[in-house]
Amino acid sequence: MATIRKVGVVGAGLMGSGIAQTCAQSGYQTVVREINQQFLDKGLTRIHDAWNTMANKGKLTQQQLAENRDRLRGTLELEDFADCDLVIEVILENMEEKIRLFTALDHILKPDALLLSNTSSLSVTQMGAVTKRADKICGLHFFNPAPVMRLVEVVQTLSTSETTIDEAKKFALSLGKTPVLAKDTAGFIVNFLLIPYLIAAIRMLENGMASRDDIDIAMKLGCGYPMGPFTLLDYVGLDTTLWAAEAIYEEYKDPLYAPPPLLRRMVVSGMLGKKSGKGFYDYSNG
């Protein structure tokens, strides 16, 4: 495997822009792609605003700020990933979209390039199966916010080579992250354990067993968690939580992972958490 020098990130949303920011500030030439100029501009602005804030706080020198900016560029074209050594997919949690993307990238990327997915719960095996490089495909699941959270789940399929896993771990370490290895099963490590906890909290609220605030306070003070389940749900995104719950339930058919009606109704209503301005809490006034 060639040394990783240039990284591609497909998707410039909250996670994609955070991952692109992390790669560029870790010394990699980074190209980030979106489907239209509006989304791309929004993602790039988010990254540059983060760097400006870091510079204002003395966490980046002006030279480091300039070097970060020089290493990052945006594109609307998948073809601009042709010379990348490693590409990370960070698009919607929709298998059909991911399969389309992996099929296209397999034809564009050079033969030894690694293709990684940031999926939080979907089958990496299924994505790799549509390519001719299944041995060079694995999951690389970051946590939000990607520049801050230190954990990365490296997800190994039955086809992923040990060389690819080693390279993915080294890459994660080079970003200042701590990699953990998980098999390609729905939910991997964190969501497999976290989703039942979040779902149980929603069911408690649904059934009138305790209030939102009391549940959050109880878990913070009783278990020492940094935030309660409803604050965490809003932070992660209710739609993201629903996707993860559905994917794990689909694989195991365990009622622990069955999404509660309240969660579904809130997502349908557009109440997705902080990113939409309202979830279990109201963020419209900041």
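Here's a quick rundown of the structure.

Cut-offs applied
Residues numbered from 1 in each chain as written. Predicted model: local features only at pLDDT ≥ 70, side-chain atom pairs only at ≥ 80, totals over all residues. Heavy atoms only, no water. Helix = DSSP H or I, 4+ residues; strand = E, 2+ residues; numbered from the N terminus. Buried < 20%, exposed > 50% of the residue type's maximum accessible area, 1.4 Å probe, protein only. Pairing = 2+ DSSP bridges. Axes fitted to C-alpha atoms, helices over the stretch in contact; angles between N-to-C directions.

1. Let's talk about unusual backbone geometry
- Note that the residue after Asn144, namely Pro145, is joined by a cis bond; omega there is 0°.
- Within the fold, Pro145 resides in the loop between β6 (137-142) and β7 (151-156).
- Phi at Phe188 takes a positive value of approximately 50°, unusual for a residue other than glycine.
- Tracing the backbone through its elements, the reader meets Phe188 in the loop between β8 (178-183) and α7 (190-206).
- Look at Phe188 and you get buried, because its relative accessible area is 5%.
- Here the phi dihedral of Lys253 falls at roughly 55°; this positive angle occurs in a residue that is not glycine.
- Structurally, Lys253 is set in the loop between α10 (238-252) and α11 (261-268).

2. Structural notes on the sheet that holds strand β1 (residues 6-10)
- Taken in spatial order, the 8 strands of this open sheet run β3-β2-β1-β4-β5-β6-β7-β8, and their pairing is mixed. Two strands bound the open sheet, and with one partner strand each, they are β3 (72-75) and β8. This sheet shows a mean twist of 25° between the axes of neighbouring strands, independent of strand direction.
- Where strand β5 (residues 114-117) lies against β6, 3 bridges are found, and the strand directions are parallel.

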